[in-house]
Amino acid sequence: MVCSVSICAGEIFELKAELNSDKKEKKKEAVKKVIASMTVGKDVSALFPDVVNCMQTDNLELKKLVYLYLMNYAKSQPDMAIMAVNTFVKDCEDANPLIRALAVRTMGCIRVDKITEYLCEPLRKCLKDEDPYVRKTAAVCVAKLHDINAQLVEDQGFLDTLKDLISDSNPMVVANAVAALSEIAESHPNSNLLDLNPQSINKLLTALNECTEWGQIFILDCLANYTPRDDRESQSICERVTPRLSHANSAVVLSAVKVLMKFMEMLPKDLDYYSTLLKKLAPPLVTLLSAEPELQYVALRNINLIVQKRPEILKHEMKVFFVKYNDPIYVKLEKLDIMIRLASQANIAQVLAELKEYATEVDVDFVRKAVRAIGRCAIKVEQSAERCVSTLLDLIQTKVNYVVQEAIVVIKDIFRKYPNKYESVIATLCENLDSLDEPEARAAMIWIVGEYAERIDNADELLESFLEGFHDESTQVQLQLLTAIVKLFLKKPTETQELVQQVLSLATQDSDNPDLRDRGYIYWRLLSTDPVAAKEVVLAEKPLISEETDLIEPTLLEELICHIGTLASVYHKPPSAFVEGSRGVMHKRLPARTGSGESTESPDVGTAAGGSAPEAAPSIIPSQGDLLGDLLNLDMAPPTTSGPPPPTTGMQMGGMDLLGGGLDSLVGISHSVYHSSNVKPEPLSLSPQLGGDIGGSPAMGAGFGAAPAVMPASLNAPVGGGLGDLFDLGGVGMPMGAYIPPKIVWLPAMKAKGLEISGTFARRAGVIQMELILTNKAMSVMTDFAIQFNRNSFGLAPAGPLQVLTPLGPNQTIEVSLPLSTVGPVMKMDPLNNLQVAVKNNIDVFYFSCQYPISMLFVEDGKMERQVFLATWKDIPNDNESQFQIKDCHLNSDAASSKLQGSNIFTIAKRTVEGQDMLYMSIKLSNGIWVLAELRVQAGNSNYTVRKTGG
């Protein structure tokens, strides 16, 4: 009987007899039957020796079938697979190049260690074979062999042979060599396998025109990793890549767009060619939108990135993004998003006409998005705001429930953007109050009533109508209703005293929601102690909302532009966020625009060849809007006194500086506790089922609220001195290792129902550790511990679950070391090194914040090459520099250099000028940002001068 996983003995016997037949045709048919059985999942491994015997044949078709069988079963039968080695070696010397290529390809696919050593000699011959088909197959085989045994490939010199193939006369060989080297380089990101230079780039560009489409993609992806020396070379490459834009294959087009988008960064904007290139980029992108829906979606996701970086490319192509009636919903929504990004004063009329049309469609999700898009247009293009509001009012008059509710939500945002301008529409909104059943729409309407209560005669009646079903409302509506009634009371105190008492009572006494309860207590305390202060707080002028709230963060956008045409550009996430085992993934950045002109004082570390920056020079980031700008532009003022800094809380750490403020906050840890009965932010979205598996890198959203402006005095803790601590040989850390700040209390027991959390951060063997001490000061046992981080500036996230393996009994203490990764979600924090944490146990969820030392992010490969350092230092604009002093440091320059190296601050060069030692140092952060510093040490003077720059 034959089943899906086995085959009966009789059938095996028949096949065995046929495989050993003298007739070639019968033998071939038998092998076909074996392959057919194997394909449907039957186990035919018992026939291994008989199938291997069929290898000795001149019939190419039969040989292919046998090789296919071997690839499938060699791993489960490694001892028997060796029987085939002699035939492989013999086939590698066959007169037929197809058989030679087939043999080397199959040997590369058989992932058995015992066979790899026999593969080396045939592979070496095939890499130098006279036939290009064999050479290109052998090139790919090197990459496969490297995956099995990397050391063997390096010892046998195959990598050097592979590099030589880049100069091969056949373009397909070149393409496969590039593909193989690129794959090997991905698994070894720090190796310089693809040592690209102008000569090798020229060879690749020559081969580009004659390759197959896949070969072109490999070469274009390789070109995208090259950094030209200057704008002239960049323009030359762009000119030779531009013809690929007219290729029929969309993958080739996107790869060409990626190269051009990257190299355009180096072209001066006033160059004629720059504007020509912008015009050439539009038609191929538009052409991609005529493909089938799935390809359209991929193209639209890539165009979304391109439009955020360079909207001028497609500013005249608005009409191609208009939605067609037969577009799938995923294409419609993506087109809608791009339409908003391209909306401007010039085209807003046609955009609004389209959006109004979309709002009458039958697809509910699409209609909602269209209505929201009208609101985004109003916020983005101020001149169109009045027309947008008029359009929204027309839609409200349709009385379609979900249209009305979406319109009210976006009108609330328009009120935030243009206060006291369109309040005349409030009456119309109030007419639709009874039809609102969605929490977001109800909350928006309540906000409008509370914000403009003085202009609505019956505001108290409207809010009171919501209050009747207070406990049935969602948390979002309850919070908004509480705030709106407090606003109303502050504006009309005599008429609404009873109403405000009622809502405060409902929020604080009858509610189980801690957020609602805490906000109610805050308002109650404010109103009862200082009504004037309450008015200043609750009725304070609100900041205007930004035009584009959903733009991708600039540094992430730059990285995604470098991944156009890949999954990263579809997900809008860096590869490290979704590729397993991506610890070694290199973060790519766009090159800097050339021609900064000004040079600063540079260290005497030799001169780069030819007077130009080497290809490997890291990118200089002129913009101050990213993390580098934030790191370098925090409070640079030196301390006003020579004594130690006064104790400070986490909310006073705005002066945290990468190397600055006297370097006293470099490794400073501060804290502010969030879990409080009276002051508490919006909660993290932790589910009740939170378990030990949440410690990865969860995307937690902006769940944390702002920290309280004033923390209780008892929570103040002295902040560790920054570089002073690094210099202090008596610190907690080992004298020549990385500095580890002392543990401090982050979460007091009185604020966490008896759970006290103390901790610090350390960097050991390249891994950031969060070292925690958990103390149970309650009377009950604590179990089921878990931890999450909010999004933060450097993507810190737990690399695993919080390992508290045994229950924590009363008065017990346990020390836990939590490894951290830097591949979590990124969001700029203030201060930049602030970390918001949620810890859960069987009792409750507790929130606190702490500040990690920036030095924990200094990576071990932060020692820059001397020539690269020199070129980079010269290119950094003066705007990217800061200077300050370290006081009372009594180490000489050598001791200081040695001490700093323990924290991955590397000395690149040293020189002495007029008795003053000048140390030139480099630091690399975990997100790829470089910081260069000059430390001046005067003998006999305990004050150091530091000049730091960003690269």
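One structure accompanies this document, and this report is about it. (Residues numbered from 1 in each chain as written. Predicted model: local features only at pLDDT ≥ 70, side-chain atom pairs only at ≥ 80, totals over all residues. Heavy atoms only, no water.)

**Some details on the overall build of the protein**
Stage number 1. A count of helical and extended segments in the protein gives 36 helices and 14 strands.
Stage number 2. Expressed as a percentage of contacts within the protein between residues at least 6 apart in sequence, the contacts between residues at least 24 apart total 69%.
Stage number 3. Accessible area for the protein stands at about 41,400 Å²; split by element, carbon and sulfur atoms hold 50% of it. (Helix = DSSP H or I, 4+ residues; strand = E, 2+ residues; numbered from the N terminus. Contact = heavy atoms within 4.5 Å. Areas by Shrake-Rupley, 256 points an atom, 1.4 Å probe, with all protein chains shown as cover.)

**Here's the deal with the side chain of Arg763**
Stage number 1. Counting through the fold element by element, Arg763 comes out in strand β3 (residues 755-764).
Stage number 2. Here Gly766 takes part through its backbone oxygen, which lies 3.5 Å from a polar atom of the side chain of Arg763.
Stage number 3. A polar atom in the side chain of Arg763 sits 2.6 Å from the backbone oxygen of Met856.
Stage number 4. With residues up to four places along the chain from it excluded, the contact list for Arg763 reads Ala738, Ile768, Met856, Leu857, Phe858, Val859, Glu860 and Asn904. (Polar contact = N/O pair within 3.5 Å; in protein donor to acceptor, adjacent residues only side chain to side chain.)

**Here's the deal with the packing of helix α7 (residues 97-109) against helix α9 (residues 132-148)**
Stage number 1. Viewed as axis vectors pointing N to C, α7 and α9 meet at an angle of 10°, and their least axial separation amounts to 8 Å. For the element pair α7 / α9, the angle class is roughly parallel. Two secondary-structure elements touch here, α7 through Pro97, Leu98, Arg100, Ala101, Val104, Arg105, Gly108 and Cys109 and α9 through Tyr133, Val134, Thr137, Ala138, Cys141, Lys144 and Ile148.
Stage number 2. Along the lines of polarity and charge, the residues of the contact of α7 with α9 split into ten nonpolar, two polar and three charged. (Axes fitted to C-alpha atoms, helices over the stretch in contact; angles between N-to-C directions. Parallel < 35°, antiparallel > 145°, perpendicular 65-115°, else oblique. Nonpolar A, V, L, I, M, F, W, Y, C, P; charged D, E, K, R; others polar.)

**Some points on helix α18 (residues 293-309)**
Stage number 1. For α18, which comprises 17 residues, the first-to-last C-alpha distance of 24 Å matches the rise-based estimate of 24 Å (1.5 Å per residue) to within 8%.
Stage number 2. Close packing links the buried residues of α18 with α16 (250-263), α17 (272-288), α19 (329-342), α31 (554-561) and α32 (567-571). (Expected span 1.5 Å × (residues − 1).)

**Focus: a negative patch on the surface**
Stage number 1. Taken together, the side chains of Glu461, Glu464, Glu468 and Glu498 make up a negatively charged region of the molecular surface.
Stage number 2. Looking at where Glu464 falls in the secondary structure, it is placed in helix α26 (residues 459-467). (Patch = residues over 30% accessible without salt bridge, like charges linked within 9 Å, V, L, I, M, F, W, Y side chains within 5 Å. Salt bridge = Lys/Arg side-chain N within 4 Å of Asp/Glu carboxyl O. Lys, Arg positive; Asp, Glu negative; His and termini not counted. Charge placed at Lys NZ, Arg CZ, Asp CG, Glu CD.)

**Considerations on the sheet that holds strand β7 (residues 813-821)**
Stage number 1. Pairing in this open sheet of five strands is antiparallel, and the strands run β2-β3-β4-β7-β6 from one edge to the other. One side of each edge strand has no neighbouring strand; the edge strands of this open sheet are β2 (744-747) and β6 (797-798).
Stage number 2. One ladder, built from three bridges, connects β2 with β3; its direction is antiparallel. Residue pairing for β3: Ile744 is matched across the bridge by Gly759. (Pairing = 2+ DSSP bridges.)

**A closer look at the pairing of strand β9 (residues 845-851)**
Stage number 1. With seven of its seven residues buried, β9 lies for the most part within the structure.
Stage number 2. Burial along β9 is two-sided: the residues Val845, Tyr847, Ser849 and Gln851 and Phe846, Phe848 and Cys850 are all buried.
Stage number 3. Where strand β8 (residues 834-840) and β9 come together, seven bridges link them in antiparallel fashion. Residue pairing in the sheet places Lys840 in a bridge with Val845 of β9.
Stage number 4. In sequence, β8 turns back onto β9 through a hairpin of four residues. (Buried < 20%, exposed > 50% of the residue type's maximum accessible area, 1.4 Å probe, protein only.)

**Here we look at the packing of aromatic side chains**
Stage number 1. Counted by the stated rule, this structure contains 13 aromatic pairs.
Stage number 2. Measuring from centroid to centroid gives 5.6 Å for Trp873 and Tyr920, while their planes differ by 85°, and the two rings are edge-to-face. One end of the pair, Trp873, is in helix α35 (residues 866-875); the other, Tyr920, is in strand β12 (residues 916-924), and 47 residues separate them in sequence.
Stage number 3. In textbook terms, an aromatic cluster arises when at least three aromatic residues are bridged by ring pairs, as seen for Trp746, Phe761, Phe794, Phe848 and Tyr852.
Stage number 4. Here the guanidinium or amino end of Lys332 rests over the ring plane of Phe366, the centre of that ring lying 5.2 Å away. (Phe/Tyr/Trp six-rings, centres within 6.5 Å; stacked < 30°, edge-to-face > 60°. Lys NZ or Arg CZ within 6 Å of the ring centre and 35° of its normal.)

**Section: the side chain of Glu771**
Stage number 1. If you trace the backbone, Glu771 turns up in strand β4 (residues 767-776).
Stage number 2. In contact with Glu771, not counting residues within four places along its chain, are Lys743, Ser758, Gly759, Thr760, Ala762, Arg764, Val816 and Ser817.

**Comments concerning the pattern of salt bridges**
Side chains bearing opposite charge may pair, as long as their charged atoms lie close to each other.
Stage number 1. Within the structure shown, the criterion is met by 29 salt bridges.
Stage number 2. With a shortest N-O distance of 3.1 Å, Asp394 and Lys356 are connected by a salt bridge. Note that Asp394 is positioned in helix α22 (residues 385-396) and Lys356 in helix α20 (residues 348-358), a separation of 38 residues in sequence.
Stage number 3. Overall, Asp394 belongs to the partly exposed group, its relative accessible area being 37%.
Stage number 4. One network of salt bridges, in which partners are shared, links Arg368, Arg372, Glu406, Glu438 and Glu440.

**Section: the nonpolar core**
Stage number 1. In this structure, Tyr69, Leu70, Leu123, Leu204, Leu355 and Phe415 are the most contacted members of the largest nonpolar core, which totals 209 residues.
Stage number 2. Looking at this core, the element that brings in the most residues is helix α27 (residues 475-491), giving ten residues.
Stage number 3. In this structure Leu204 touches Ile166, Val174, Val178, Leu196, Ile219, Cys222 and Leu223, once residues within four positions along its chain are discounted.
Stage number 4. Counting residues in hydrophobic clusters, the runner-up holds 52 residues, among them Phe761, Met782, Val804 and Leu818. (Core = buried A, V, L, I, M, F, W, Y, C linked by side-chain atoms within 4.5 Å.)

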